[in-house]
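# Chains, contacts and geometry: an overview
Listed below are the residues making up each chain.
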Amino acid sequence: MHPELPLVFEIGSYVGLGLILLFDLLYVVKRPHIPSFRESTLWVVFYVTLALAFAGLMWAFTDGEFAGQFLAGWLTEYSLSIDNLFVFVIIMARFSVPRKYQQEVLMVGIVIALVLRGIFILLGAQIIANFSFVFYIFGLFLLVTAYRQAFANNEDADDGETRFTLFLRRKLGVHDEFDGSKLRTTVNGKRMFTPMIIVFIAIGTTDFIFAIDSIPAIFGITQSPFIVFTANVFALMGLRQLYFLLGGLLDRLRYLHYGIAFILAFIGVKLFLHAMHENELPFINNGEHIEWAPEISTWMSLAVIVVAMTVATVASLVHSAHERRNGVATDAGEKDRVESAVDASASEQTPPAPGTRGEGDVR
């Protein structure tokens with residue numbers, strides 16, 4: 001058996017993470033603003049560095065196994081959290097949330113996600129401790145989720161969500177306009193909810209769905225509730241800043257869902273193999289452990305996760321660059337015609353200011 005993490009380390013970690021989250025929450029509430037690219041980058045680098053330092057401390061307190069489990073779990077949750085961002089972008093756009101208050105919305109969403117995942121982790125740990133066959137269920141669930149992630153058509157989801165939104169607006173009495181970040185406002189002497197309440201409900205529902213997907217995935221890497229929870233905390237802490245950092249880059253990561261699907265499928269297979277190795281079901285191998293079933297190591301899992309995300313990201317960026325080059329080539333004739341017209345009438349027009357011609361390409 002691997003040595004256990006000291007209790008003082010676990011308590012100190014919870015206290016430290018709680019203080020960081022509290023500071024982050026107060027910072028957002030007291031200073032609602034649109035973070036710059038530089039600010040977002042510094043925060044993302046800070047949280048990534050903090051996660052790596054935490055893994056280093058785990059290695060120092062015990063051995064490399066726990067540190068490897070944390071890194072693999074953190075990267076898995078981070079990958080799935082990036083998938084959250086696509087949905088968050090849709091929610092923010094659909095409800096026209098003022099960009100100044102999007103940080104606060106995201107922070108509330110992160111707190112909701114942490115609470116939900118904490119509950120799921122406690123339940124999952126108890127179920128796993130008492131029923132080893134649950135790994136078969138988790139494995140099958142992840143394989144189905146991986147298939148849906150890669151191939152399912154979710155066009156109907158928008159219609160259902162719109163009907164749900166209209167239902168909430170009618171039942172709750174929601175005003176059409178925001179009042180800062182307030183949930184309630186007064187309109188013609190009548191107290192009403194603002195659209196922010198529906199945004200929070202949409203974010204919370206999204207967090208619930210993703211928690212159902214992500215918790216079985218990380219339990220396929222480690223069965224330590226402490227590592228599962230801290231990996232989730234570190235993955236979610238940098239999510240708000242990553243939202244503003246990536247911005248328009250998200251629509252270029254068109255192959256990211258394939259990378260995530262591959263990771264989920266890999267962990268699903270790993271869970272099946274682990275369930276076979278620990279098998280106690282009487283109708284499988286007469287209730288005996290299946291000794292030939294291999295156990296996939298933590299470090300192999302970490303390598304697969306890193307490679308899958310790297311390949312998906314690089315392939316997405318290469319495809320995006322190829323599309324942009326083709327777009328430039330397609331518009332070359334039109335560009336030449338425009339430039340000829342400009343040259344022909346140059347004597348009658350005021351020369352453009354430096355950099356003006358490139359502004360049309362910026363989105």
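Data block above holds the structure.
Note that this is a predicted model, so its numbers are computed, not measured.

About the cut-offs
Residues numbered from 1 in each chain as written. Predicted model: local features only at pLDDT ≥ 70, side-chain atom pairs only at ≥ 80, totals over all residues. Heavy atoms only, no water. Helix = DSSP H or I, 4+ residues; strand = E, 2+ residues; numbered from the N terminus. Buried < 20%, exposed > 50% of the residue type's maximum accessible area, 1.4 Å probe, protein only. Contact = heavy atoms within 4.5 Å. Areas by Shrake-Rupley, 256 points an atom, 1.4 Å probe, with all protein chains shown as cover. Core = buried A, V, L, I, M, F, W, Y, C linked by side-chain atoms within 4.5 Å. Axes fitted to C-alpha atoms, helices over the stretch in contact; angles between N-to-C directions. Parallel < 35°, antiparallel > 145°, perpendicular 65-115°, else oblique. Left-handed = near helix turned anticlockwise from the far one by under 90°. Nonpolar A, V, L, I, M, F, W, Y, C, P; charged D, E, K, R; others polar. Salt bridge = Lys/Arg side-chain N within 4 Å of Asp/Glu carboxyl O.

## A word on the overall build of the protein chain
Of the regular secondary structure elements, the protein chain holds twelve helices and two strands. In the protein chain, the succession of α and β elements from N to C terminus is α-α-α-α-α-α-β-β-α-α-α-α-α-α. Here the protein chain, with 363 residues, has 44% of them falling under the buried criterion. The long-range share in the protein chain, meaning contacts at least 24 apart out of those at least 6 apart in sequence, stands at 77%. Put simply, the protein chain shows about 19,700 Å² of open surface, and 65% of that area lies on carbon and sulfur atoms.

## Section: the nonpolar core
Of all hydrophobic cores here, the largest spans 93 residues; its most connected members are Met58, Phe70 and Trp74. Examining the composition of this core, we find that 13 residues originate from one element, helix H3 (residues 64-94), more than from any other. With near-sequence residues (within four places) excluded, tryptophan 74 lies in contact with Val48, Ala51, Leu52, Ala231, Phe234 and Ala235.

## A short note on the environment of leucine 317
Structurally, leucine 317 is set in helix H11 (residues 298-330). Taking C-alpha positions, leucine 317 is 6.5 Å from arginine 252, a pair spaced 65 residues apart along the chain.

## Considering helix H9 (residues 239-246)
With eight of eight residues buried, H9 is to be regarded as a mostly interior element. If you check which residues of H9 are buried, you get Leu239, Arg240, Gln241, Leu242, Tyr243, Phe244, Leu245 and Leu246.

## Points about the packing of helix H5 (residues 134-151) against helix H7 (residues 196-219)
When two helices pack together, their arrangement is given by the angle between their axes and by how far apart the axes lie. Remark: H5 packs on H7, axes separated minimally by 10 Å, with the N-to-C direction vectors making an angle of 125 degrees. As far as their axial angle goes, H7 and H5 are oblique. Our pair here, H5 against H7, has a crossing hand that is left-handed. Of the residues in H7, those touching H5 at Phe135, Phe138, Phe141, Leu142 and Thr145 are Ile212, Asp213, Pro216, Ala217 and Phe219. Among the residues making up the contact of H5 with H7, the classes are represented as eight nonpolar, one polar and one charged.

## Some details on the pattern of salt bridges
Within this structure, the stated rule accounts for one salt bridge. With its nearest N and O atoms 3.0 Å apart, the salt bridge here joins glutamate 77 to arginine 117. On the criterion of sequence distance, the pair formed by glutamate 77 in helix H3 and arginine 117 in helix H4 (residues 102-130) is long-range, its members being 40 residues apart. There is no split in this pair, since glutamate 77 and arginine 117 are both buried.

## Some words on the environment of isoleucine 110
Among the secondary structure elements, isoleucine 110 is positioned in helix H4. In sequence terms isoleucine 110 and glycine 238 are 128 residues apart; their C-alpha atoms lie 9.7 Å from each other. Discounting residues that sit within four places of it in the chain, isoleucine 110 has contacts with Leu236, Leu239 and Arg240.

## Some points on the side chain of serine 40
The residue serine 40 is located in helix H2 (residues 37-61) in this model. Aside from chain neighbours lying at most four places away, what touches serine 40 is Pro35, Gln241, Phe244 and Leu245.

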